[in-house]
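Descriptive structure summary
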Amino acid sequence: LLEALERACADEFVRVVVLAGAGRGFSGGWDLEESDLTSAESQPLSTRAGQHTWLRVIRLLRRPDKLFIAATHGWAAGQGLELLIASDLIVAAEDARFYFAEVRVGFNMTSGVAKILPLLVGLGNAKRLALLGAKINAAEAYRMGLVVEVVPAGGHEARACLLYTSDAADDLTR
């Protein structure tokens, strides 16, 4: 992911990047059930170097000269949800679900998106998500301002691509 983002950011002709997950969901984040979260072997992002890599990913997504649109379906949990929050816009399929799973094991957000989350969803909703580990669906995410649009299942990637091709997209700002 880091290498792909670096290539896109280095290319002056790339103005928009659409992030999408493959399979059953956008990203489930770390597997909290089956691995030692402190082990560099099973969780490379748990090391200082891994955390630095993760922060580089998030910083690239916050660049003002590119538009990052996330297209999500299924579960976006933990660091997968952090990727969404760091993006400029989120389009969600009706089956999308959101959850900060790391709360269950005493971890919290690691990338600085804790500062962005309350701006998107309000302080009360941010606390509910980040501190209590509330699980929300696409409709609730839209209601609270986390996502900009909810589309029928399977249409999230196409809609994310169409967002930028409309004339209104030239006026999109952070």
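Placed above this text is the structure.
Residues numbered from 1 in each chain as written. Predicted model: local features only at pLDDT ≥ 70, side-chain atom pairs only at ≥ 80, totals over all residues. Heavy atoms only, no water.

**Side note on the pairing of strand E2 (residues 67–72)**
Note the following rule: In this scheme, a residue with accessible area under 20% of its type's maximum is buried, one over 50% is exposed, and one in between is partly exposed, where area comes from a 1.4 Å probe on protein chains only. Labels follow the DSSP assignment, with helices taken as runs of H or I lasting at least four residues and strands as runs of E lasting at least two, numbered in each case from the N terminus. Note: two strands are recorded as paired if DSSP finds a minimum of 2 bridges between them.
E2 sits mainly inside the fold: six of its six residues count as buried. Where burial is concerned, the two faces of E2 agree: the one with Leu67, Ile69 and Ala71 and the one with Phe68, Ala70 and Thr72 are both buried. Across five bridges, strand E1 (residues 16–20) lies against E2 in parallel orientation. Bridged to Val17 within E2 is Phe68. With four bridges joining them, E2 and strand E4 (residues 89–93) adopt parallel strand pairing. By the bridge assignment for E4, Ile69 is matched with Leu89.

**Observations regarding the nonpolar core**
Cut-off, in case you're wondering: Side-chain atoms within 4.5 Å are what join buried Ala, Val, Leu, Ile, Met, Phe, Trp, Tyr and Cys residues into a set we call a nonpolar core.
Counting residues in each nonpolar core, the largest one holds 39 residues, and the members touching the most others are Leu61, Phe98, Leu117 and Leu146. Core analysis: the second largest hydrophobic core is formed by nine residues, Ala71, Val151, Ala160 and Leu163 among them.

**So, the sheet that holds strand E5 (residues 97–99)**
Worth spelling out the cut-off: Whether two residues touch is decided by their heavy atoms; if any such pair falls within 4.5 Å, the residues are in contact. For helices, the fitted line uses only the C-alpha atoms of the stretch in contact; every axis is such a line through C-alpha atoms, and the angle between N-to-C directions lies from 0 to 180 degrees.
Taken together, three strands build an open sheet; the order of strands is E3-E5-E6 and the sheet is mixed. Two strands bound the open sheet, and with one partner strand each, they are strand E3 (75–77) and strand E6 (136–137). Relative to E6, E5 runs antiparallel, the two being bridged by two bridges. Considered in E6, the bridge of Arg97 is made with Asn137. Contacts between helix H3 (residues 79–86) and the sheet are confined to E3 and E5, with E3 contributing the most and set at about 90 degrees to the helix.

**A closer look at helix H1 (residues 2–10)**
Quick note on the threshold: To obtain the arc, one takes the directions from the helix axis to the C-beta atoms.
Buried residues of H1: Leu2, Leu5, Ala8 and Cys9, and no others. Relative to the axis of H1, the buried residues are bounded by an arc of 130 degrees and lie together on one face. Facing away from the buried surface of H1 by more than 90 degrees, the exposed residues are Glu3, Arg7 and Ala10.

**As for the pattern of salt bridges**
Spelled out, the test is: Whenever a carboxyl oxygen of Asp or Glu lies within 4 Å of a side-chain nitrogen of Lys or Arg, that contact is scored as a salt bridge.
Overall, the coordinates contain five salt bridges when judged by the stated rule. Arg128 is the salt-bridge partner of Glu140, the closest N and O atoms lying 2.7 Å from each other. Note that Glu140 is positioned in helix H6 (residues 138–144) and Arg128 in helix H5 (residues 123–130), a separation of twelve residues in sequence. Taken together, the shared-partner salt bridges in this structure form one network comprising Arg128, Glu140 and Arg143.

**Considerations on the sheet that holds E4**
Sheet architecture is open: four strands sit in the order E1-E2-E4-E7, paired in parallel fashion. Strands with a single pairing partner mark the edges of an open sheet, and in this sheet they are E1 and strand E7 (149–151). Neighbour-to-neighbour, the strand axes of the sheet open up by a mean angle of 20 degrees, direction not taken into account. Taken strand by strand, helix H7 (residues 156–165) contacts E1, E2, E4 and E7, and its axis lies near 160 degrees from that of E2.

**Some thoughts on the side chain of Lys66**
Put simply, the test is: Under the convention used here, Asp and Glu are negative, Lys and Arg are positive, and both His and the chain ends fall outside the count. Any pair of N or O atoms that falls within 3.5 Å is considered a polar contact. Within protein, one atom must be able to donate a hydrogen and the other to accept it, and sequence-neighbouring residues count only if both atoms are side-chain atoms.
Assignment of secondary structure puts Lys66 in the loop between helix H2 (48–61) and E2. Buried and unpaired, Lys66 has no salt bridge, with Asp65 as the nearest side chain of opposite charge at 4.7 Å. Within polar-contact distance, the side chain of Lys66 engages the backbone oxygen of Ala8 at 3.5 Å.

**As for the packing of helix H4 (residues 113–121) against H5**
To characterise two packed helices, one gives the angle between the axes of the helices and the distance between these axes. We apply this condition: When describing relative orientation, an angle under 35 degrees is termed roughly parallel and one over 145 degrees roughly antiparallel, while 65 to 115 degrees is termed roughly perpendicular and anything else oblique. By definition, any crossing whose near helix is turned counterclockwise from its far helix by less than a right angle is left-handed, and any crossing with a clockwise turn is right-handed. As a working rule, the residues Ala, Val, Leu, Ile, Met, Phe, Trp, Tyr, Cys and Pro are called nonpolar, Asp, Glu, Lys and Arg charged, and the rest polar, with Gly in that last group.
The geometry of H4 relative to H5 is characterised by a closest axis approach of 7 Å and an angle of 130 degrees between their N-to-C directions. With respect to their mutual orientation, H4 and H5 come out oblique. When the axes of H4 and H5 are compared, the crossing they make is right-handed. Residues Leu117, Pro118 and Val121 of H4 form the contact with H5, whose own contacting residues are Leu123, Asn125, Ala126, Leu129 and Ala130. Class assignment for the residues of the contact of H4 with H5 results in seven nonpolar, one polar and no charged.

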